[in-house]
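So you can see what is in the structure, the chains are spelled out below.
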Amino acid sequence: MTEPFTSIKSLPEHVGERVTLKGWLYNKRGSKALYFLILRDGTGLVQCVVNQDNVDETSFAVAETATQESALEIVGTVNADERQVGGVEIHAESATLIAQAESYPITPKEHGVEFLMDNRHLWLRSQRQWAIMRVRNRIIMAIHAYFQSEGYIQMDPPVLTGNAVEGTSTLFELEYFDKPAYLTQSGQLHGEAMAMAHGKIYTFGPTFRAEKSKTRRHLTEFWMIEPEMAFYDLDMDMQVAEELLLAIVGDVLRDCRDELEILGRDFAKLDLIQGPFPRISYDEAVELLHSDETQRILDAEHEETTAEEKVLKEERTANRAAYGQAKKGEKRRIDAREIDINKRLDEIEEDLRNIPAWKESAANFEWGADFGGSDETVLTKHFDRPIIVHRFPAVIKAFYMKRDPEDDRLALGMDVLAPEGYGEIVGGGERATDLAFLKQQVQDHGLPEEVFDWYFDLRRYGSVPHSGFGIGLERTVAWICGLHHVRETIPFPRLMGRIHP
Ligand code: 4AD
Ligand code: MG
């Protein structure tokens, strides 16, 4: 049996006690007679002080020679120390090497994103990535807690399917014995069948789309949560989406302060997320895109971003000038800051390039078109909380959508757009209930009727109004964490051109 050991996270409860820690060496400084080892164990980081006077020779040699990411066991006393992460520090009595690490490829210096993605299996150990995965986990639990407390049943749709759900252009096809089959794009259609059995259900599973473009919002494999509710109309559907998002934000704000801090997330922006979310029709959204206010917002953003760029460049120049004279600790701070500044400057450069195009796209948007990523970005900049856009032109929406009884050109769909430019994180709506209409839709969308026979049965045997939506987990994580790209929101992202590691 393994020896019992204490988690770093729980150390504040053990002040004054002798503990055994097991983990990996995250960072190290010191020299001669004194080493400060930063140990990480998956639950947190803690500084362990190894003083030559307090440990035996073997232990001191371990502290001297252990390389980054070497696995260690450290025994020592927990001391309260306000200046340290977690408010504690370990005064080591012994250090034992479990495994010496080879020269670790990810060092505190700057790495390009492609390099980090190639080393994703190791990058996951870095503090930022660690924080993102903690938030992702918390969001997953918040979603389950919300639906379970509201009486929904979690049910699993198949991953291998015989039918398309969201159009045929993004299907991953495979050979299922002698027949064609696909990786599911969405569990919705099977979810509808489950809702007719249980009333309110939600799915939680991987979904796949052969997205042939590289954007910061698209993965080829992503996790979607899809509630489906019998006897719910579009308004009730929007209400559920709003409540779910409020529950997620509330839980994360309560339980993930440390993680959000590591990520440098602006708490104030998340504190603003309160109901009710503005609900605007597609028509109103188009008007908003055409408005002078849109042009004004984008001009102001261009100005602010340019100002931020100037300040950051000045800070970088000043830091570099001070570097030569700086003490060791200060040098480390400057290095770390330079990485952050460069990263932000890259984003700024991209934004400054994009803003003129966004202005043009908004001004020239034509009724009947689908919103592009940039149009969504622009729409969200009018509000400080998520907005719900509803009643889209039917031609741009999926075959299963119910038509607006007031205007047959419109479908009763809705999208939730996250603020700060994030855009669509939820898509859904009210479903068509009429068998003849659905059959016609399947035909009009060029879909093979025979694979939908089971779906049509739902309209043959007790067809009722019903609604649902899908929330994309990775886009939600990106928004809550304030990330530029969805690739950091999932342990092993699958993108066009990336299936390794
Ligand atoms: O809007 P979508 O395509 O809707 C559906 O699939 C419906 N069948 C859902 C339903 O009504 N039950 O996708 C829903 C959400 C999007 O809002 C987005 O958050 C996410 O899934 N999503 C993606 N996330 C990452 N990468 C992609 N390629 C995504 N495609 C959709
Ligand atoms: Mg959508």
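Keep in mind it's a predicted model, so treat the numbers as computed, not measured. (Residues numbered from 1 in each chain as written. Chains lettered and ligands numbered in written order. Predicted model: local features only at pLDDT ≥ 70, side-chain atom pairs only at ≥ 80, totals over all residues. Heavy atoms only, no water.)

Student: Just checking my understanding: could you explain the overall build of the protein chain for this structure?
Tutor: A tally of regular secondary structure across the protein chain gives 15 helices and 17 strands. On the principal axes, the C-alpha backbone points of the protein chain span a range of 85 × 60 × 45 Å. Taking all 501 residues of the protein chain together, the buried fraction comes to 48%. For the protein chain, restricting intrachain contacts to residue pairs at least 6 apart in sequence, the fraction spanning at least 24 positions comes to 68%. Accessible area for the protein chain stands at about 24000 Å²; split by element, carbon and sulfur atoms hold 51% of it. Separation of charge centres in the protein chain, based on 57 positive and 85 negative side chains, amounts to 5 Å. (Helix = DSSP H or I, 4+ residues; strand = E, 2+ residues; numbered from the N terminus. Buried < 20%, exposed > 50% of the residue type's maximum accessible area, 1.4 Å probe, protein only. Contact = heavy atoms within 4.5 Å. Areas by Shrake-Rupley, 256 points an atom, 1.4 Å probe, with all protein chains shown as cover. Lys, Arg positive; Asp, Glu negative; His and termini not counted. Charge placed at Lys NZ, Arg CZ, Asp CG, Glu CD.)

Student: Just to check I follow, could you spell out the sheet that holds strand β7 (residues 160–161) for this structure?
Tutor: Each strand in a sheet pairs with its neighbour through backbone hydrogen bonds, running either in the same direction (parallel) or in the opposite one (antiparallel). Pairing in this open sheet of three strands is antiparallel, and the strands run β7-β9-β8 from one edge to the other. Strand pairing shows two members of the sheet lacking a second neighbour, β7 and β8 (172–176), which therefore form its edges. Of the strand pairs in this sheet, β8 and strand β9 (residues 179–183) are connected by five bridges, and their pairing is antiparallel. The residue bridging Glu175 from the neighbouring strand is Pro180, located in β9. (Pairing = 2+ DSSP bridges.)

Student: Please clarify how the pattern of salt bridges should be interpreted in this entry.
Tutor: Opposite charge on two side chains permits them to pair, given that their charged atoms come into close proximity. For the structure shown, the criterion picks out 35 salt bridges. Glu69 is the salt-bridge partner of Arg40, the closest N and O atoms lying 2.7 Å from each other. Highlighted residues: Arg40 in strand β2 (residues 34–40) and Glu69 in the loop between α1 (57–65) and β4 (71–80), separated in sequence by 29 residues. We classify Arg40 as buried; its relative accessible area is 9%. Under the relative-accessibility criterion, Glu69 is labelled buried at 6%. For Arg265, the salt bridge goes to Glu420, with nearest N and O atoms at 2.8 Å. (Salt bridge = Lys/Arg side-chain N within 4 Å of Asp/Glu carboxyl O.)

Student: How do you make sense of the site of ligand 1 when you look at a structure like this?
Tutor: Near ligand 1 you find 22 residues, and of these Glu166, Gln188, Arg209, Glu226 and Glu424 are the closest. A distance of 2.7 Å is found between a nitrogen atom of ligand 1 and a side-chain nitrogen or oxygen belonging to Glu226. Contact between ligand 1 and Gly427: an oxygen atom at 3.5 Å from a main-chain N or O atom of the residue. In the complex, 94% of the free accessible area of ligand 1, which totals 630 Å², lies under the protein chains. For the shell around ligand 1, the elements supplying multiple residues, two or more each, are β11 (221–230), β16 (423–430) and β17 (466–472). No other element matches the five residues that β16 contributes to the shell around ligand 1. A per-class count over the shell around ligand 1 returns seven nonpolar, seven polar and eight charged. (Near = heavy atom within 4 Å. Polar contact = N/O pair within 3.5 Å; in protein donor to acceptor, adjacent residues only side chain to side chain. Nonpolar A, V, L, I, M, F, W, Y, C, P; charged D, E, K, R; others polar.)

Student: Honestly, the domain arrangement of the protein chain in this entry has me stumped. Any pointers?
Tutor: Many structure descriptions define interface size as the accessible area lost when the parts assemble. Partitioning the protein chain into structural domains gives domain 1 (8–99), domain 2 (111–278 + 462–501) and domain 3 (279–365). For domain 1 versus domain 2, the separation of C-alpha centres amounts to 38 Å. For the domain 1 and domain 2 pair, buried surface summed over both sides reaches about 490 Å², with 43% attributable to carbon and sulfur atoms. Three residues, Tyr26, Arg40 and Gly42, lead the burial of domain 1 against domain 2; their summed loss comes to 56% of the area buried on that side. We note a salt bridge from Arg125 to Glu69, for which the minimum N-O separation is 2.9 Å. Here domain 1 is connected to domain 2 by four residue pairs in polar contact (both at pLDDT 80 or more). When its residues are assigned to classes, the side of domain 1 that touches domain 2 shows three nonpolar, three polar and two charged. (Domains from an automatic or database assignment. Buried area = accessible area lost by both parts, 1.4 Å probe.)

Student: Got a minute to help me understand the environment of Thr476 in this structure?
Tutor: On the secondary structure map, Thr476 appears in helix α15 (residues 473–481). Under the relative-accessibility criterion, Thr476 is labelled buried at 1%. Distance from Thr476 to Val486, taken between C-alpha atoms, is 9.1 Å for residues ten residues apart in sequence. A distance of 2.7 Å separates a polar side-chain atom of Thr476 from the backbone oxygen of Gly472.

Student: Just to check I follow, could you spell out the pairing of β4 for this structure?
Tutor: The side chains of a regular strand alternate, residue by residue, between the two faces of the sheet. Here strand β1 (residues 18–31) runs beside β4; their pairing, made up of seven bridges, is antiparallel. Looking at β4, one finds that Gly23 is bridged to Leu72. Here β4 pairs with strand β5 (residues 88–99) via ten bridges, running antiparallel. From the neighbouring strand, Glu73 faces β5, where its bridge partner is Thr96.

Student: I'm lost on the packing of aromatic side chains in this one. Help?
Tutor: How two aromatic rings sit relative to each other is set out by the distance from centre to centre and by the angle between their planes. Taken as a whole and assessed by the stated rule, the structure comprises 16 aromatic pairs. Taking the centre distance of 5.9 Å and the plane angle of 75 degrees together, the rings of Trp454 and Tyr455 count as edge-to-face. Judged by relative accessible area, Tyr455 falls into the buried class, the value being 0%. Grouping aromatic residues by their ring pairs yields a cluster made of Tyr282, Phe365, Trp367, Phe371 and Phe392. Cation over ring: Arg459 sits above Tyr455, and NZ or CZ is 4.4 Å from the ring centre. (Phe/Tyr/Trp six-rings, centres within 6.5 Å; stacked < 30°, edge-to-face > 60°. Lys NZ or Arg CZ within 6 Å of the ring centre and 35° of its normal.)

Student: What am I meant to see in a nonpolar patch on the surface here?
Tutor: There is a patch of nonpolar side chains on the surface, built from Leu160, Tyr176 and Phe177 and spanning about 350 Å² of accessible area. Among the structural elements, Phe177 can be located in the loop between β8 and β9. Of the residues examined, Phe177 reaches a relative accessible area of 65% and is grouped as exposed. (Patch = residues over 30% accessible without salt bridge, like charges linked within 9 Å, V, L, I, M, F, W, Y side chains within 5 Å.)

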